[in-house]
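Close look at the chain arrangement
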Amino acid sequence: MIAECRAERAVSEKNCNRRSARGTYQRPEPRTPDAMKLFTPSASLTQLPDADLVALCGRADKAAFAELAARYYRPVCAFLFKKLGQADLVEDLAQETFLEAFKALLDGRGPVYFSSWLFGIAHHRCGKWFRRKKVGLFPADEPPEIAAVGLVSAQEEAEEQQKQMTALEYGLASLPSKTRQLLHLKHQEGLTCEQIAARLGQPVGTVKSTLSRTYKTLRARLGGDS
Amino acid sequence: MNSLTCQQVLDEIELFAAGECDAATSAAIELHVAGCPGCAAALEQSRQVIGWVSLSVREPQALKRLQKRAHAEARQRHGSRGLFVVRAAAVAAVLLVTVGLYTWMAQFRDPERPDVTVAAAHVGAGQGAVYRLENAQEIRIESGEVLVRVTPEHGPFKVHTPAGTATARQAEFVVEVTAGAPVAVRVLSGKVTLGNDVGEIEALRGETIMTSPKAAPARQVEDPALRFGRNYSKVRHDVGGYKIPPYQLPIDLSEVANVPDLSKGPGTLRTQGFAVLANAAGDDLVGCYHGLQEQGMPVMVTCDSVLHLVRLLLAQLLTDLEQHRLAFDLARLTTGLRVKVAEQQMPEQHAAEWQAASSLALMYLAVGERLLHPEAELPTGVDATAVDTIVRAIEAGQKLMEVPGFGYAEDFKDYQPIGHYTGNETLQRYYRAMMWFGRMPLLLGGGGQGWRVSEVRAHQQTMAAALIAQALPATTLADGRSASTVWQRLETITNFFAGSAAEPGPLQYAAALEPPGKASRLLGLADASDWERFRDELMQFVPRPLFANVSPFPTGLVGPRGLRPGPNTGFRLLSQRFALDAVALGKLVYPNIGPGTNAKAFTAIVRSDGSIIRGVPRGLDLMALLPFAGLPNKLMYDGGDTAYVGNSAALSYYAAREDLQVHFQPWRGPVEWNRDHHMGWLYVLSHLVKGPLMRPSLAGLPTFMKSPTYQVTKLNTALASWTQLRSDTVLYTRKADSGAETARMLKFKNELALQPAPKRNSEALAYLEPLPDVYEALQGLTRMVAKELTGLDVLTPDWRQRLDELDQHLTTAGKLAWKEIHNDPLSADEQGTLRRLPERLQLLTGAASMPVIVTVAEDATGDWVLQEATGRPDLGLFVVRLPSGQLVTFAGPMLSYYEMKLPRAQALTQERWLKMLDETPGPARPEWSR
């Protein structure tokens, strides 16, 4: 029940731990090392509850925002991915979601509960996109003061995805470095198998079969977890 | 490539999902997947995994990008704090650039990137739109469909078309420009003026103007459904923040003035300040208030009571109208039309065809007439045996049978009166006749397989329909009224209560027969080529459901060209209606929704092959569509009712809901929501569903309103009220006082073993559930009902007075609710008014409430039905902190709600349901509300 969650949330936010608002989402421990390096919030920030970080953001504290982003980037992506199913689009909408949130925080329109609010924005963005897709004749108005559509349900949905993404994280971490490099080329640099093969000096067939095998392994891993 | 085996597909599926397969393999896989649910699921999983991998790998980069953008934003804000002058200059610069941009953009826009927003308006492009911006206040449309939404602050906005110029200050309208056809302007809201050299005309919401270059603009088909919003105005008695101080939870019961003995009851009263005792409020809401007052218990006038009593009133208003006005009007109209059609001179050309069409039209009317008046005379030239056969079959509720003279089959079982239509003979006859005129089509399209009739018959039936459409404006009824007026009134009232028509009728046929500035097409209709052209013309006017994917426009508007009739499209004298909620629920089930993963979900039906489908929707589906509905979303998720994935043939649950959500957005605003009584009621309920949780801050809300039990209970109320709306039945007869009822009353008293309230307060204590926006929305709706029905001149003085009184009561409710919210004490008089409120509302309706049950959906196979029901009221207990600081427990009745998925053969009737409610244990509540 929502209010129960709220109560729980209030307690957890008081306790200053690194749990997200509902108190059930735990950020996976094995964070991608380079992500940590890029975003190096001070140790004290990582200890702060959302509410305090929100207050800091209101004073244009970029590090506080960086910490919030690191906390919620993946859950928000997971949430959007479930709705949209396209990684590129998800990334764009996630960026827009966080920026909109940041702007609102700068304006002092801080929410009572950051996570619900953030998911609300994500939900709105999603809705906007869907509308735009259909010729988009009716642009949505600005999201309401507290864009709280879907609230807790959004988080619930995201949590399920989040679990799977955590499992995936472990899966990725256990891959040999050559395979990881392959994934990097494919997804980060956006190369095709042919281009990757040329870059690595390997036959295309090998690249394709490695890729296919890797995806299969990851899928099996997730299938087992779910 | 030949067809693949599953194993071959599964081997390649990852590469396919990653877009790394060659074209031939891809095509073969696509083909296979379309017909193989197993591989489709595997493909879905692969896509998901690849998507995740991609997101995961790119996360560091994405975070970095985000940080950069955040830095930039913060820097910009920082910079903007200082110099106002600089900023103002920048704004001016931007304006200059913008104006320059428009000049530059004064070229035709690409339909692929269609929308543009300027200060005065938003312009959205529909089908084939080609237009250009002349400047920030004017556009010129060359062709296609364009939506324009003009904002009020920036003066008039002009839309130039080849046939004239439309001007608006505040409006939303659609302009359609097609070569060789008149320009159409359809007004969705506000006011638009269309003028050219020849003339000028103004159109309001719901009206369509058409004009050609050398003809004066003329008003065309009006969508009556859109009219109603014009009479809606938002009611607001006060505004302001919630200022009620909280109390500590759990409650120290020694601080509460009156503590019910709840040792056996739910403990939530202490922990949450709110509790519900199931079915503990006796048989009847108002009776419960009497019981409470006899015991000296402080009374909570619940939102449930107000909603329920107003619902009863409106339902009774409809029944009264049907019995005393509509049934009579329909009978007169049918007779008048029949006489007129019989009189019409048939043209000499194609005489035989016209003769056949005329006798079909007469037969169509004669059957309706006989259903209303068993004694009605039969016109000459009509096959009396056929009419008799049909009338008898309808009265007997015959199952699927071929209808003589019409050449297709119809199921007359549905023509059996139900609900309040069983009340008396007038209502029964009215019901059957309305079913006949609402469902039996004179078909527009025909052909071989997939059509109900042959092309020849469709042609004949359309000619018959044209004769009726043509006769309508020329007919004067026996009492001197014009048939058009009477028809319009019937149509409008039906629209108003149930929504807009789902099929074309006389209005649309007449519009297609008599295009503006051209001669009537009636005579030519018998020619094959003219008949084709007429059909094309008519298809523009065919109403489409809100959710048709062809257009984002609301129902009832003139549609794009090139639509083809469906096998069921055709003329109905008074067509059945689109019920918005029914259409929405119909989209949230198989086959529109893909396979499920949770067999235990309420909505799931496991088929014989083991696959899980979303067989039935549920009430929560609708609630989740309402704006800001957080809780229903969560409950659906918890129950597994969202666990349905998409595949190549169907949507995932979320995708389907997103599609629908477009039509339920908050920006649609109260005027659009209140376009009919049905939608207006949903709008009222949406205020309950969004609940206090959607407030930016919970401070100042009464403590009990923050309780989880309370939130769920309000959802329950909304669903129960929706059930009552759907059942559309009011049961007038109070149930006989049986032994069971007395026993229940006793149970009610025992459960309420309350310590009497302190003597000094016993007169004064009454409280209204502080939900002012609900009362205000309700008042807005009932005011519109009163205005609209007064305008139609169908209200008796008695009903006018009743609606006036209702308005006063709702004003009181709204004002008192605000007073409570501002933490101002209610005077003894005000509390007295509150205590009498439920009784007064009931006196207005003169009807007693009873549990209802209604079938709202069935699954695709027709094996299962979804039934929604209300039962005996529950009793809510609320701990309220009065402005004096004193804590007092109030009690008030609340609606109960049930939902059942049952095999069709076991579907419950009203009688069976009432019995079940008296059994022990009674029927189970939905799992989420327990």
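Residues numbered from 1 in each chain as written. Chains lettered and ligands numbered in written order. Predicted model: local features only at pLDDT ≥ 70, side-chain atom pairs only at ≥ 80, totals over all residues. Heavy atoms only, no water.

Tallying secondary structure elements over chain A gives 11 helices and 0 strands in all. In chain A, the order of α-helices and β-strands from amino to carboxyl end is α-α-α-α-α-α-α-α-α-α-α. The buried share of chain A, reckoned over its 226 residues, is 58%. In chain A, the proportion of contacts linking residues at least 24 apart, taken out of those at least 6 apart, comes to 62%. Of the roughly 9100 Å² that chain A leaves accessible, carbon and sulfur atoms contribute 52%. (Helix = DSSP H or I, 4+ residues; strand = E, 2+ residues; numbered from the N terminus. Buried < 20%, exposed > 50% of the residue type's maximum accessible area, 1.4 Å probe, protein only. Contact = heavy atoms within 4.5 Å. Areas by Shrake-Rupley, 256 points an atom, 1.4 Å probe, with all protein chains shown as cover.)

Time to look at the overall build of chain B. In terms of helices and strands, chain B carries 27 helices and 25 strands. By the burial criterion, 58% of the 930 residues in chain B qualify as buried. Counted over contacts in chain B with a minimum sequence separation of 6, partners at least 24 positions apart contribute 67%.

Turning next to the side chain of His187(A). Residues and elements named next belong to chain A. Tracing the backbone shows histidine 187 in helix 9 (residues 177-188). On the basis of relative accessible area, histidine 187 is assigned to the buried category, the value being 7%. A polar atom in the side chain of histidine 187 sits 2.9 Å from the side chain of tyrosine 215. (Polar contact = N/O pair within 3.5 Å; in protein donor to acceptor, adjacent residues only side chain to side chain.)

In this structure, Leu317(B), Tyr364(B), Phe406(B), Trp436(B), Ile468(B), Trp722(B) and Leu789(B) are the most contacted members of the largest nonpolar core, which totals 210 residues. No other element matches helix 8 (residues 303-343) of chain B, which puts 18 residues into this core. What Tyr364(B) contacts, discounting residues up to four positions off in sequence, is Phe406(B), Trp436(B), Phe437(B), Met440(B), Leu442(B), Ile468(B), Phe571(B), Arg572(B) and Leu573(B). Among the nonpolar cores identified, the runner-up in size contains 68 residues, and Leu56(A), Val90(A), Leu118(A) and Leu183(A) belong to it. (Core = buried A, V, L, I, M, F, W, Y, C linked by side-chain atoms within 4.5 Å.)

Residues and elements named next belong to chain A. This model, assessed by the stated rule, comprises 21 aromatic pairs over all chains. Arranged with centres 4.3 Å apart and planes meeting at 35°, the rings of phenylalanine 65 and phenylalanine 102 form a pair that is tilted. In this pair, phenylalanine 65 is assigned in helix 5 (residues 62-84) and phenylalanine 102 in helix 6 (residues 87-106), connecting sequence segments 37 residues apart. Taken individually, phenylalanine 65 and phenylalanine 102 each receive the classification buried, so the pair is uniform in this respect. (Phe/Tyr/Trp six-rings, centres within 6.5 Å; stacked < 30°, edge-to-face > 60°.)

What follows concerns helix 15 (residues 528-539) of chain B. Count 3.6 residues to each turn of an α-helix, and residues three or four apart come out pointing the same way. Residues and elements named next belong to chain B. Taking 1.5 Å per residue, 12 residues should reach 16 Å; helix 15 reaches 17 Å between its end C-alpha atoms and fits that length. Among the residues of helix 15, Trp531, Phe534, Arg535, Glu537, Leu538 and Met539 are the ones counted as buried. Buried residues along helix 15 sit in contact with helix 12 (455-474) and helix 14 (506-513). (Expected span 1.5 Å × (residues − 1).)

Moving on, we get to the pattern of salt bridges. Overall, the coordinates contain 41 salt bridges over all chains when judged by the stated rule. The closest approach of N and O atoms between Arg71(A) and Glu67(A), which form a salt bridge, is 2.8 Å. Here Glu67(A) and Arg71(A) lie together in helix 5, a separation of 4 residues that amounts to about one turn. Overall, the relative accessible area of 4% leaves Arg71(A) in the buried class. The closest approach of N and O atoms between Glu410(B) and Arg452(B), which form a salt bridge, is 3.7 Å. Of this pair, Glu410(B) sits in strand 15 (residues 409-410) while Arg452(B) sits in the loop between strand 16 (442-443) and helix 12, placing them 42 residues apart in sequence. Assessed through its relative accessible area of 27%, Arg452(B) is described here as partly exposed. Taken together, the shared-partner salt bridges connect Asp329(B), Arg332(B), Asp479(B), Arg481(B) and Arg489(B) into one network. (Salt bridge = Lys/Arg side-chain N within 4 Å of Asp/Glu carboxyl O.)

Moving on: the environment of Arg311(B). All names here are of chain B. Looking at the element boundaries, arginine 311 is found in helix 8. Here arginine 311 falls in the buried class, since its relative accessible area comes to 3%. Each C-alpha atom, one on arginine 311 and one on threonine 845, is 9.3 Å from the other, the two residues being 534 residues apart in sequence.

Residues and elements named next belong to chain B. The buried count for strand 5 (residues 157-161) comes to 4 of 5 residues, which makes it a mostly enclosed element. Examined bridge by bridge, strand 4 (residues 138-150) and strand 5 share 3 bridges and lie parallel to one another. Across the sheet, residue glutamate 138 finds its bridge partner in strand 5, namely lysine 158. Here strand 5 pairs with strand 6 (residues 164-168) via 5 bridges, running antiparallel. Bridge pairing in strand 6 places histidine 160 opposite threonine 165. Hairpin remark: strand 5 followed by strand 6, antiparallel, with 2 residues in the connecting loop. (Pairing = 2+ DSSP bridges.)

All names here are of chain B. Interaxial distance between helix 21 (residues 677-690) and helix 24 (residues 772-791) falls to 9 Å at its minimum, and their mutual angle equals 175°. Judged on the interaxial angle alone, helix 24 and helix 21 are roughly antiparallel. Counting all contacts with helix 21, which are made through His677, Gly680, Trp681, Tyr683, Val684, His687, Leu688 and Lys690, the residues of helix 24 involved are Asp773, Val774, Ala777, Leu778 and Leu781. Looking at the contact of helix 21 with helix 24 residue by residue, the classes come out as 8 nonpolar, 3 polar and 2 charged. (Axes fitted to C-alpha atoms, helices over the stretch in contact; angles between N-to-C directions. Parallel < 35°, antiparallel > 145°, perpendicular 65-115°, else oblique. Nonpolar A, V, L, I, M, F, W, Y, C, P; charged D, E, K, R; others polar.)

Checked against the element boundaries, Tyr232(B) lands in the loop between helix 5 (224-227) and helix 6 (268-272). For Tyr232(B), the contacting residues outside a window of four places in its chain are Pro670(B), Val671(B), Asn674(B), Tyr683(B), Ala777(B), Gly780(B), Leu781(B) and Met784(B).

Here the focus is the confidence of the model for chain B. Residues and elements named next belong to chain B. Of the residues in chain B, 84% have a pLDDT of 70 or more, and the chain-wide mean is 79. With pLDDT under 50 throughout, residues 79-114 is counted as low confidence; its partners more than four residues away or in other chains account for 24 contacts. Every residue in residues 546-561 is under pLDDT 50, and counting partners more than four places away or in other chains gives 56 contacts. (pLDDT = per-residue confidence, 0-100.)

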